[in-house]
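# Descriptive analysis of the structure
Each chain is listed here by its residues.
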Number of protein chains: 2
Amino acid sequence: MTSTLGFAILAVLARGDRTGYDIAAVMRRPVGYFWTAGHSQIHTELQKLRIAGLVGYEAAHGPGPQDKKVYHLTPEGSAKLREWITKPPRERPERDELVLKTYAAWLAEPGLVRQMFTDQLAAHEARLTEYERAEASFGEPPPFGDPRFGNYATLLCGLGYERHRAEWCRWMIAQLGTGS
Amino acid sequence: MTSTLGFAILAVLARGDRTGYDIAAVMRRPVGYFWTAGHSQIHTELQKLRIAGLVGYEAAHGPGPQDKKVYHLTPEGSAKLREWITKPPRERPERDELVLKTYAAWLAEPGLVRQMFTDQLAAHEARLTEYERAEASFGEPPPFGDPRFGNYATLLCGLGYERHRAEWCRWMIAQLGTGS
DNA sequence: CACAACTATGTCTGAACTGACATAGTCTGT
DNA sequence: ACAGACTATGTCAGTTCAGACATAGTTGTG
């Protein structure tokens, strides 16, 4: 009964041993385009994974009150992960606050809505240039089988998403510009 | 302390009085491109909104064990909604199971990954034709101020999203096709 | 040398959400 | 006349998640 977060952790550990803190750092934006979780959730989930026998750890001395725990995949964890990857993903319900606000936007002042979308567009464009820089640093797309293929493919997804979002914001702004 | 779901319900009620059951139906795909929630959550939230004085209801006889409750916005609810619309949305963390699977895909058999993306592409294309039909039925984009503007704008967002997703799936399939 | 930022683990509360269970009248097609 | 789908409200148990709280050594900056 491993949760999706559990598999996200296994996916990170498949690329190399890490502490819980490191896993949280990898998942944090703008590094992780694939999943996000707070450290508190990660520590809790790591305990579950350890009980399930999917990960193990070696304690090592480090800064902080407790010893740090460097986690690694067990063979069972690796097998479970591989098996999970190609099973069809369950679709997450769409819950997007901006879309909801748009649905209700006809009730609000056009100028304020326009401002909100202008801000959103700026945020998307900032992320876009950031992603484009990351893409350029790849050069050739890594081949399938290379761990970096995962990074490249998810980056490309993020890139496409930001472009679509930015375009939609521009359309909204245009609608509000001519309307008022 | 109204939750986002609360505002989603207020946004639906702003277009006309409805029962909890009706609200759930509006939010259900493929009708609602803006938010989703189960009926159990909606009934719970409606009680909270009523206690907060943002909605009221009139009981009416209907099928079922209890009388049906036709909810409507109160002036306070309407004001709260209007005020909320243009406040900047907090960004939701990215949690997309397919993207996570892609991040880990380098560990799996290319053929199985290819199949998964082929299935995903088919689902996106199906939704795309459905959305395109809905868009065609609009004809001219409704003007801002018309409630249907919200429907049209969110539909356009969904359309852009599906196109971006389909394109990304095609790219993935192409990568897997030449690689194996 | 002081202070801040970073490393590092963990607990706990409350909110949000899912899915199952419970109940029962009405409407539609065969 | 009967079956099945639809209308309609609600509870409950369990999971997921965010954010606060707690603790403390190391590293880098001014």
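Looking only at helices and strands, one finds 7 helices and 2 strands in chain A. Here the C-alpha radius of gyration of chain A, 21 Å, is well above what a compact globule of 180 residues would show, namely 16 Å. Along the three orthogonal principal directions, the C-alpha set of chain A runs to about 65 × 40 × 35 Å. In chain A, of all internal contacts separated by at least 6 residues, the share reaching a separation of at least 24 is 59%.

Right, let's get into the protein's contact with DNA strand D. Surrounding DNA strand D, one finds 26 residues, the nearest of these being A:S3, A:S40, B:T19, B:Y21 and B:S40. Mapped onto the surface near DNA strand D, the elements with two or more residues apiece are α3 (39-51) of chain A together with α2 (20-27), α3 (39-51) and β2 (68-73) of chain B. In terms of residue class, the surface near DNA strand D is made up of 8 nonpolar, 14 polar and 4 charged.

Before going further, it helps to spend a moment on the interface of chain A and chain B. Between chain A and chain B, the contact holds 59 residues from the first and 59 residues from the second. Those elements that place two or more of their residues in the side of chain A that touches chain B are α1 (4-13), α4 (75-85), α5 (97-103), α6 (110-138) and α7 (147-179) of chain A. Among the elements that make up the side of chain A that touches chain B, the one with the highest residue count is α7(A) (17 residues). The residue inventory of the side of chain A that touches chain B, partitioned by class, reads 37 nonpolar, 11 polar and 11 charged.

Turning next to the domain arrangement of chain A. Residues and elements named next belong to chain A. Along its sequence, chain A is carved into domain 1 (4-85) and domain 2 (97-176). Between domain 1 and domain 2, the C-alpha centre-to-centre distance is 29 Å. The interface of domain 1 with domain 2 comprises 4 residues on the first partner and 6 residues on the second. Classifying every residue of the side of domain 1 that touches domain 2 by side-chain character gives 3 nonpolar, no polar and 1 charged.

Between the two copies of the chain lies a rotation about an axis combined with a shift along it. The two copies are related by a screw operation: chain A maps onto chain B through 180° of rotation and 0.0 Å of translation along the axis, at an RMSD of 0.0 Å. Between the two chains, the operation in question is that of a two-fold axis. By residue overlap, the copies meet face to face through one surface: 100% of the interface positions of chain A are interface positions in chain B.

All names here are of chain B. Residues of α2 that are buried: G20, I23, A24 and M27. The arc that holds every buried residue of α2, seen down its axis, measures 100°, which confines them to one face. The elements touched by buried residues of α2 are α1 (4-13), α3 and β2.

Attention shifts here to the environment of B:F138. The topology assignment puts B:F138 in helix α6 (residues 110-138). Counting along the chain gives 14 residues from B:F138 to B:Y152, while the straight-line C-alpha distance between them is 7.6 Å.

Moving on, we come to the packing of α2(B) against α3(B). All names here are of chain B. Two elements in contact, α2 and α3, have axes separated by 9 Å at closest approach and are oriented at 130°. With respect to α3, the element α2 is oriented oblique. Crossing angle aside, the handedness with which α2 passes α3 is right-handed. Every residue of α3 that contacts α2 at G20, Y21, I23 and A24 is listed here: H39, I42, H43 and L46. Of the residues contributing to the contact of α2 with α3, the split by class is 5 nonpolar, 3 polar and no charged.

Attention shifts here to the environment of A:H39. Residues and elements named next belong to chain A. Residue position: H39 is located in helix α3. The class for H39 is partly exposed, based on 14 C-beta atoms found within 10 Å. Taking the C-alpha atoms as reference points, H39 and H61, 22 residues apart in sequence, are found 20 Å from one another.

Criteria and thresholds
- Residues numbered from 1 in each chain as written.
- Chains lettered and ligands numbered in written order.
- Predicted model: local features only at pLDDT ≥ 70, side-chain atom pairs only at ≥ 80, totals over all residues.
- Helix = DSSP H or I, 4+ residues; strand = E, 2+ residues; numbered from the N terminus.
- Rg over C-alpha atoms; globule rule 2.2 N^0.38 Å.
- Contact = placed C-beta atoms within 7 Å.
- Near = placed C-beta within 6 Å.
- Nonpolar A, V, L, I, M, F, W, Y, C, P; charged D, E, K, R; others polar.
- Domains from an automatic or database assignment.
- Least-squares fit on C-alpha atoms with pLDDT ≥ 70 in both.
- Buried ≥ 20, exposed ≤ 12 C-beta atoms within 10 Å, placed from the backbone.
- Arc of directions from axis to C-beta.
- Axes fitted to C-alpha atoms, helices over the stretch in contact; angles between N-to-C directions.
- Parallel < 35°, antiparallel > 145°, perpendicular 65-115°, else oblique.
- Left-handed = near helix turned anticlockwise from the far one by under 90°.

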